[in-house]
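Descriptive structure summary
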Amino acid sequence: MTVQQRIQELIQPFAPAIETALGEVKQRYNWDRYFSDPLDRLAVQYALSVREFMMPYMRNQSRLKTDMSQEFPLDEKDPDNKTHIIDLIGTDVLERLLTECRQSGAQDGWKVFDEEKGWRDLGPEPRKRIITDPFDNTSLAMIGYRDNNVAVCIADQNRQFVNCAVADFQTDALYFANQEGAWLYYAAESLEQERPLQAAGQKELENALVVTPHFKRERRVKFGRTPLFAENIRTMNMGGPIIIGRLSEGSANNVHAFLDFIKGQPIYEIVYFPLAQKAGAVVTDLEGKPFDFAEQLGRLESDRKARYAFVAACTPELHQAIRAKLS
């Protein structure tokens, strides 16, 4: 059996649920009111369709582990990971949506990226870019923690940012940005635009909520050796696009900063920083150079495992204070 045949065998039992999720999302929301642009609609329909498919699993741990754990190793660095079925379902959803775009007359070619397989080309040149993560923080979900999201980002053929969408599985929040701005929507029985995204106004280190991933011992030790560790800050051990979304709406979520100064985050995890930048947050590398979307996307195209070390904070004052403690 070829790899493609095995993929089709794994996907087939889920095909009716995938079709239902796509159909429900298309019918439920007033698309012309909020997302009339075809690329904006593509991003949001992808995010909400995958979310719709996954929601029944978010309330049933036994079903999640049974249905989403399959013997199909794709990742050479993690051959024991048995949750790749979720990524295959995300790929299937994207391919269905791209097929619909072509059938409606769109002539776009695409360079598609996912974490497991890297880049692949679809259609003619010039090709737009699309990066997807159908179920971020999978390993946490498999042990019962539900801080998960589905994320998608689109760039044009010149690697310039077009849009991105991050759908939160817990709160119905949909964080969305395009070239015009960034907004918070709530996607429940209807789609409601709550407000433009606005980072919080925290300027001092005192009581700031700082998110930094330190699951592994190496990260904890290095974090503990910085002057930042001794400050009266609150910390949370997390990462991924959902934290960028919560930083972007820090006035509601009280996330004031997000940083990874040790190894950096994989670039496919942080292409969503335009959300934060358009919400007023400051995002730079460790030397203070502002986050450049096109530059980092180019790095990802050269090396699918490339990482980006950064400091992102809701205000310039807090950003400066954190960088001073790290240096």
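Residues numbered from 1 in each chain as written. Predicted model: local features only at pLDDT ≥ 70, side-chain atom pairs only at ≥ 80, totals over all residues. Heavy atoms only, no water.

**Things to note about the overall build of the chain**
Broken down by element type, the chain carries 14 helices and 13 strands. A compact globule built from 327 residues should have a C-alpha radius of gyration of about 20 Å, and the chain, at 19 Å, falls within 12% of that. Taken along its principal axes, the extent of the C-alpha atoms in the chain is 55 × 45 × 40 Å. Counting over 327 residues, the chain shows a buried share of 54%. When contacts within the chain are restricted to residue pairs at least 6 apart in sequence, long-range pairs at least 24 apart make up 64% of them. Carbon and sulfur atoms form 45% of the exposed surface of the chain, whose accessible area is close to 14500 Å². (Helix = DSSP H or I, 4+ residues; strand = E, 2+ residues; numbered from the N terminus. Rg over C-alpha atoms; globule rule 2.2 N^0.38 Å. Buried < 20%, exposed > 50% of the residue type's maximum accessible area, 1.4 Å probe, protein only. Contact = heavy atoms within 4.5 Å. Areas by Shrake-Rupley, 256 points an atom, 1.4 Å probe, with all protein chains shown as cover.)

**Notes on the nonpolar core**
Grouped together as the largest cluster of nonpolar side chains are 60 residues, with contacts concentrated most on I131, Y272, F273 and L275. Every residue in contact with I131, bar those within four places of it in the chain, is listed here: F113, W119, A151, V152, C153, Y268, V271, Y272, L297 and L300. (Core = buried A, V, L, I, M, F, W, Y, C linked by side-chain atoms within 4.5 Å.)

**Re the packing of aromatic side chains**
Evaluation of the coordinates by the stated rule reveals 21 aromatic pairs. Each ring, one from F14 and one from F53, has its centre 6.1 Å from the other, and the planes form 75°; the classification is edge-to-face. In this pair, F14 sits in the loop between helix 1 (3–11) and helix 2 (15–28) while F53 sits in helix 4 (residues 38–58), placing the two residues 39 residues apart along the sequence. Here F14 matches F53 in class, with each residue buried. Between F161 and F293, the aromatic rings sit 5.3 Å apart at their centres with planes inclined by 80°, giving edge-to-face as the arrangement. In this pair, F161 sits in strand 5 (residues 161–168) while F293 sits in helix 13 (residues 293–302), placing the two residues 132 residues apart along the sequence. (Phe/Tyr/Trp six-rings, centres within 6.5 Å; stacked < 30°, edge-to-face > 60°.)

**What to know about the sheet that holds strand 10 (residues 234–236)**
Read from one edge to the other, the open sheet built from five strands follows the order 10-9-11-13-12, with strand pairing classed as mixed. Two strands lie at the open edges of the sheet, namely strand 10 and strand 12 (282–284), each paired on one side alone. Direction aside, the axes of adjacent strands within the sheet are offset by 20° on average. Relative to strand 10, strand 9 (residues 209–211) runs parallel, the two sharing three bridges. Each bridged residue has a counterpart across the sheet, and for V211 the counterpart in strand 10 is M236. (Pairing = 2+ DSSP bridges. Axes fitted to C-alpha atoms, helices over the stretch in contact; angles between N-to-C directions.)

**Digging into the state of the cysteines**
Simply put, disulfide is the name for a covalent bond between the sulfur atoms of two cysteines. Overall, the coordinates contain zero disulfides when judged by the stated rule. Free of any disulfide, C153 has its nearest neighbouring cysteine sulfur in C164, separated by 5.3 Å. Relative accessible area serves as the criterion here: at 1%, C153 is assigned to the buried category. (Disulfide = S-S within 2.5 Å.)

**Structural notes on the packing of helix 2 against helix 4**
Closest axis-to-axis distance for the helix 2/helix 4 pair is 8 Å, and the angle between their directions is 125°. Relative to helix 4, the element helix 2 lies oblique. Note on packing geometry: the crossing formed by helix 2 with helix 4 is right-handed. Where helix 2 abuts helix 4, its residues A17, I18, A21, L22, E24, V25, K26 and R28 lie against Q45, L48, S49, E52 and F53. (Parallel < 35°, antiparallel > 145°, perpendicular 65-115°, else oblique. Left-handed = near helix turned anticlockwise from the far one by under 90°.)

**Considerations on the side chain of T315**
Looking at where T315 falls in the secondary structure, it is placed in the loop between strand 13 (307–313) and helix 14 (316–326). Ignoring anything within four residues of it in the chain, the contact list for T315 reads A200, G201, Q202, K203 and V282.

**Some points on unusual backbone geometry**
Note the cis peptide between E125 and P126, where omega equals -5°. Structurally, the position occupied by P126 is in the loop between strand 2 (118–122) and strand 3 (127–136). Phi at D172 is positive, roughly 70°, even though this residue is not glycine. Among the structural elements, D172 can be located in the loop between strand 5 and strand 6 (173–178).

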